[in-house]
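The primary structure of each chain is shown beneath.
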Amino acid sequence: QVQLVESGGGLVQAGGSLRLSCAASGSISSINPMGWYRQAPGKQRELVASITNGGSTYYADSVKGRFTVSRDNAKNTVYLQMNSLKPEDTAVYFCNAVYYRHAWGQGTQVTVSS
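Described below are features of the structure shown in this document.

We now examine the overall build of the protein. Helix and strand counts for the protein come out as zero helices and ten strands. Going from the N terminus to the C terminus, the protein shows its helices and strands as β-β-β-β-β-β-β-β-β-β. Overall size of the protein, expressed as C-alpha extent along the three principal axes, is 40 × 25 × 25 Å. Once the 10 positive and 6 negative side-chain charges of the protein are each reduced to a mean point, those two points are 2 Å apart.

Now the structure itself:
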């Protein structure tokens, strides 16, 4: 019964930065990478970044060089540092396991103004 709570979103101007946090209330499998997803209005949810316990990362082409995913296993928390934000980054951001997913949280809204 892992619960995921995303936070850190907000309104920011283009070029600005935000750091999102995802706190898990229960244990997460050490073999299950954690990922950040986003969903913009009228679009499918997409994986934008993920990280394994070993530190291997993945980034969607759209965010490479701008976003950095990290994790703190002791805190059961994953982070997404978002720099050089663009209006097209506007979406609700969610975290979840990549393969054996838990229930989705409410997400956190990121709005990037032009």
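By the bridge criterion, five bridges tie strand 4 (residues 34-39) to strand 5 (residues 46-51) in an arrangement that is antiparallel. From the neighbouring strand, Met-34 faces strand 5, where its bridge partner is Ile-51. The hairpin turn running from strand 4 into strand 5, its antiparallel successor, is six residues long, and Gly-42 in that turn takes a positive phi close to 75°. Joining the antiparallel neighbours strand 5 and strand 6 (residues 57-59) is a turn of five residues, in which Gly-55 adopts a positive phi near 95°.

Inspection of the entire model under this criterion finds four salt bridges. Among the salt bridges present, the one from Glu-46 reaches Arg-38, with a minimum N-O distance of 2.8 Å. On the basis of relative accessible area, Arg-38 is assigned to the buried category, the value being 6%. Put simply, Arg-38, Glu-46, Arg-66 and Asp-89 are held in one network by salt bridges that share partners.

Remark: a regular strand shows side chains that alternate across the two faces of the sheet. Side chains Thr-108, Val-110 and Val-112 of strand 10 (residues 108-113) all project onto a buried face; the interleaved residues Gln-109, Thr-111 and Ser-113 project onto a face where none is buried. The pairing of strand 2 (residues 10-13) with strand 10 spans four bridges and is parallel. Following the sheet pairing, Gly-10 is matched in strand 10 by Val-110.

Pairing is antiparallel across the open sheet formed by four strands, whose spatial order is 1-3-8-7. The sheet is open, and its two borders are formed by strand 1 (4-7) and strand 7 (67-72), each paired with just one other strand. Taking the axes of each pair of neighbouring strands and ignoring which way they run, one obtains an average angle of 15° across the sheet.

An order of 2-10-9-4-5-6 is seen for the six strands of this open sheet, with the pairing classed as mixed. Either end of the sheet is taken by a strand with one partner, and the two such strands are strand 2 and strand 6. The average angle at which neighbouring strand axes cross in this sheet is 25°, direction not considered. One ladder, built from three bridges, connects strand 9 (residues 91-97) with strand 10; its direction is antiparallel. Within the sheet, the bridge partner assigned to Tyr-93 lies in strand 10 and is Thr-108.

Parameters at a glance
- Residues numbered from 1 in each chain as written.
- Predicted model: local features only at pLDDT ≥ 70, side-chain atom pairs only at ≥ 80, totals over all residues.
- Heavy atoms only, no water.
- Helix = DSSP H or I, 4+ residues; strand = E, 2+ residues; numbered from the N terminus.
- Lys, Arg positive; Asp, Glu negative; His and termini not counted.
- Charge placed at Lys NZ, Arg CZ, Asp CG, Glu CD.
- Pairing = 2+ DSSP bridges.
- Salt bridge = Lys/Arg side-chain N within 4 Å of Asp/Glu carboxyl O.
- Buried < 20%, exposed > 50% of the residue type's maximum accessible area, 1.4 Å probe, protein only.
- Axes fitted to C-alpha atoms, helices over the stretch in contact; angles between N-to-C directions.

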